[in-house]
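Examination of the molecular architecture
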Amino acid sequence: MKRRNFLLGLGALTAAGAWWAKPGDRGAPHDAYFRALNAELKRNGPMQPCMVIDLDRLDRNIDRVAGTLRNAGKHYRIVEKSLPSRKLIEYIAQRAGTQRLMSFHQPFTNHDAEYFPGFDILMGKPLPARAAQQFYRQLRGAFDPQRQLQWLIDTPQRLQDYLQLAQGLDTRLQVNIEIDVGLHRGGVADDAVLATMLDTIAAQPKQLAFAGFMGYDAHVGMGVPSILGNARELLDKAMAIYRARVEFARGHRSGLWREGLTLNAGGSPSYRLHADERISSEISVGTALLKPTHYDIATLAEHEPAAFIASPVLKKTGPIRLPGLDDKSRLFSWWDPNQRQTFFIYGGWWRADYASPTGLQFNDLFGHSANQEIVNASPAVGLDVGDQVFLRPQISESVLLEFGDLLVVRGGRIVDRWPVFAQTG
Ligand SMILES: Cc1ncc(COP(=O)(O)O)c(C=O)c1O
C-alpha cells in the first residue's frame, strides 16, 4: 500500500513537473515601431527580403560614437567592412566629421580610393603583398597612396614582401605595424621583433615610412554582460602593452618617431572604454552603429539596433504539420502554443535572429530553407500573408551584402536606396 501511494505520488509529481515545463504563449504582435515599418513596406517596399537601415537610430548611434571620441580628444575611424556601402559610409563620415576609414578587402580598398579621394585609409588586416600589388594596378583617380594609405604589416617577413613591392613600383609605402595587445590574432608581440622591423624601415627611407601602430582589442567588452569591470581590466592590460611598444619606438628608434603618428586601437565593444586612456590617437568603430545581435553587450547598452532584415510572409498554414507525421503532428501544437501557427517567409537561413513580432521561432524538426524558411509562432503574433517579419542580423559585415540595395528609412518612411559594395574588384 505504502509503495503504491509512493508510486502514485511520484507519477503526479512527474506530470506536474512536465506541465510546469510546458511552454507558455510567447507571442505578441508588432509594436508601434514595427507596425509602422510593416505598413510602409507593404505600401512601398520591394516585397522581397531586404535590409532596412533606420536613419533616425543610426544618427543617434553615430552621435554616441563621435561625441564620446571627440570629448576624449581622439579621432574616429570608420570600419568600412561593417558598413559596406558607399552612401552609408559617406553619410556617417559627414555626420561624424571624419575622413578616416579602415579597410579590409582589396576590392573595397580600390572602391574607397576611387569614391573617397580625400580620405585617409588604414588597412585593418595585413594583406598578402600580391593583393596589395593588385590595389596599385586597379587604382583610379586622385587618391595618393603615398600620403593617404597605410598598409598593415604584422611580421618582418611581410615587411620584406612589401619592401620588394615598393621597389618594384618605385614608390614609398606607409607602414603601420600591427601589435598584439592581448587578442593573440597575430601582430608584433615583443620589442625585439619590433626593433627588427623599425630598423628595416629606417634603412629604406625611399621605400618605407613608419606611420604608426594598430592594436585591436576585440577581447575587451565581448564577454558576459556583467563583466564590465573585467573589460576595464582587460583594456588596462591591452593599453599597458600598447604603451610599452610606443615607449620602445619613441625611446629607442626616435628617428622614426614624430607627433601625429597613427596610434589606432579599439573596435565597437571597447570604444567607450578608450575614452579614459591617453595612448591611442584614434579609435575604429563600425558595427556599433547598426548594433546587430552579437553586439548586445554591456558596453553598447546605449546603442540602438538600426539594421533589420524584413521579409514578407508568403504562406500561413495553421498548426505545425511535419512531413511524415501529418495529423500526428497535432501533439506538438497541443503541447506548445508557439507552434499553433506556421508561416513560410520569402527566403531565410540568414545569420540573423527574429526581432518582430515577438515569439517567432524556427522549427528544428522541419529544417531550414534559404528559399522559404519555416517560422512557427502563437496565433497571438497576429501575422497574415503579405505582412513582414523582421530579423536583426547577428553581425553586420557580409550579412549587409546579401540583400542588394539597403532600404533607407527615416520617420518610418522609405527615403532612399543605397547600393552595397561588390565583393570582387
Ligand atoms: C583591426 C580592427 N579594428 C577594428 C575593428 C572593429 O570593427 P567593428 O567596430 O565593426 O566591430 C575590427 C573588426 O574586425 C578590426 O579587425
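Residues numbered from 1 in each chain as written. Predicted model: local features only at pLDDT ≥ 70, side-chain atom pairs only at ≥ 80, totals over all residues. Heavy atoms only, no water.

Focus: the packing of aromatic side chains
Per the stated rule, a full pass over the model turns up 17 aromatic pairs. A ring pair is formed by Phe 34 and Phe 390, whose centres lie 5.0 Å apart and whose planes are at 40°; its orientation type is tilted. Remark: Phe 390 occurs in strand β14 (residues 388–393) and Phe 34 occurs in helix α2 (residues 32–44); sequence separation between them is 356 residues. Between the aromatic rings of Phe 210 and Trp 257, the centroid separation amounts to 6.4 Å while the plane-to-plane angle is 45°, which identifies the pairing as tilted. In this pair, Phe 210 sits in strand β7 (residues 208–216) while Trp 257 sits in the loop between α10 (228–252) and β8 (262–266), placing the two residues 47 residues apart along the sequence. Members of the aromatic cluster, each reached through a chain of ring pairs, are Tyr 33, Phe 34, Phe 308 and Phe 390. Taking the ring centre of Tyr 33 as reference, the NZ or CZ of Arg 57 above it sits at 4.1 Å. Here the basic side chain of Lys 81 rests over the ring of Phe 104, its NZ or CZ set 4.9 Å away from the ring centre. (Phe/Tyr/Trp six-rings, centres within 6.5 Å; stacked < 30°, edge-to-face > 60°. Helix = DSSP H or I, 4+ residues; strand = E, 2+ residues; numbered from the N terminus. Lys NZ or Arg CZ within 6 Å of the ring centre and 35° of its normal.)

Here we look at the site of the ligand
Near the ligand, the surroundings consist of 16 residues, among which Lys 81, Ser 82, Ser 268, Gly 286 and Thr 287 are the closest. Taking Tyr 216, its side chain carries an N or O atom lying 3.5 Å from an oxygen atom of the ligand. The backbone of Gly 286 places a nitrogen or oxygen atom 2.8 Å from an oxygen atom of the ligand. Out of a free accessible area of 390 Å², the ligand has 96% covered by protein chains. The set of elements that each furnish at least two residues to the shell around the ligand consists of β7 and β9 (282–285). The residue makeup of the shell around the ligand, split by class, is seven nonpolar, seven polar and two charged. (Near = heavy atom within 4 Å. Polar contact = N/O pair within 3.5 Å; in protein donor to acceptor, adjacent residues only side chain to side chain. Areas by Shrake-Rupley, 256 points an atom, 1.4 Å probe, with all protein chains shown as cover. Nonpolar A, V, L, I, M, F, W, Y, C, P; charged D, E, K, R; others polar.)

What about the nonpolar core?
Counting 107 residues, the largest nonpolar core has Leu 58, Trp 151, Ile 177, Phe 213 and Tyr 242 as the members making the most contacts within it. Looking at which element gives the most residues to this core, the answer is α10, with eight residues. The residues contacting Tyr 242, other than those within four sequence positions of it, are Ile 179, Val 181, Phe 213, Met 214, Gly 215, Leu 263, Asn 264, Ala 265 and Ile 279. Ranked by size, the runner-up nonpolar core spans eleven residues in total, among them Phe 34, Leu 37, Leu 41 and Cys 50. (Core = buried A, V, L, I, M, F, W, Y, C linked by side-chain atoms within 4.5 Å. Buried < 20%, exposed > 50% of the residue type's maximum accessible area, 1.4 Å probe, protein only. Contact = heavy atoms within 4.5 Å.)

Topic: a nonpolar patch on the surface
Residues Trp 19, Leu 331 and Trp 334 make up a contiguous nonpolar surface patch of roughly 390 Å² in combined accessible area. Note that Trp 19 resides in helix α1 (residues 2–21). According to the relative accessible area criterion, Trp 19 is exposed, its value standing at 51%. (Patch = residues over 30% accessible without salt bridge, like charges linked within 9 Å, V, L, I, M, F, W, Y side chains within 5 Å. Salt bridge = Lys/Arg side-chain N within 4 Å of Asp/Glu carboxyl O.)

Brief notes about helix α4 (residues 86–96)
Each turn of an α-helix holds 3.6 residues, which means side chains three or four residues apart point in the same direction. Within the sequence span of α4, burial applies to Leu 88, Ile 89, Tyr 91, Ile 92, Ala 93 and Ala 96. Turning to α4, the residues buried within the fold contact α3 (55–71), β2 (75–79), β3 (100–103), β15 (406–410) and β16 (413–418). Just downstream of α4, Gly 97 is the residue with a positive phi angle, here 65°.

Quick look at the pattern of salt bridges
Counted under the stated rule, the structure contains 23 salt bridges. The closest approach of N and O atoms between Lys 42 and Asp 387, which form a salt bridge, is 2.8 Å. Separated by 345 residues along the polypeptide, Lys 42 in helix α2 and Asp 387 in the loop between β13 (374–377) and β14 bring together distant segments of the chain. For Asp 387, a relative accessible area of 8% puts it in the buried group. Notably, a salt bridge pairs Glu 397 with Lys 81, separated by 2.9 Å at the nearest N-O pair. Residue Glu 397 is located in the loop between β14 and β15, and its partner Lys 81 is located in the loop between β2 and α4; the two are separated by 316 residues in the primary sequence. Salt bridges sharing common partners tie together Asp 56, Asp 59, Asp 63, Arg 95 and Arg 410.

Overview of helix α6 (residues 129–138)
Among all positions in α6, only Ala 129, Ala 132, Phe 135 and Tyr 136 are buried. All buried residues of α6 project into a common sector of 100° when viewed along the axis, lining one side. In α6, those exposed residues whose orientation departs by more than 90 degrees from the buried face are Arg 130 and Arg 137. The secondary structure elements touched by the buried residues of α6 are α5 (106–115), α7 (145–148), β5 (149–153), α8 (156–169) and β6 (173–178). (Arc of directions from axis to C-beta.)

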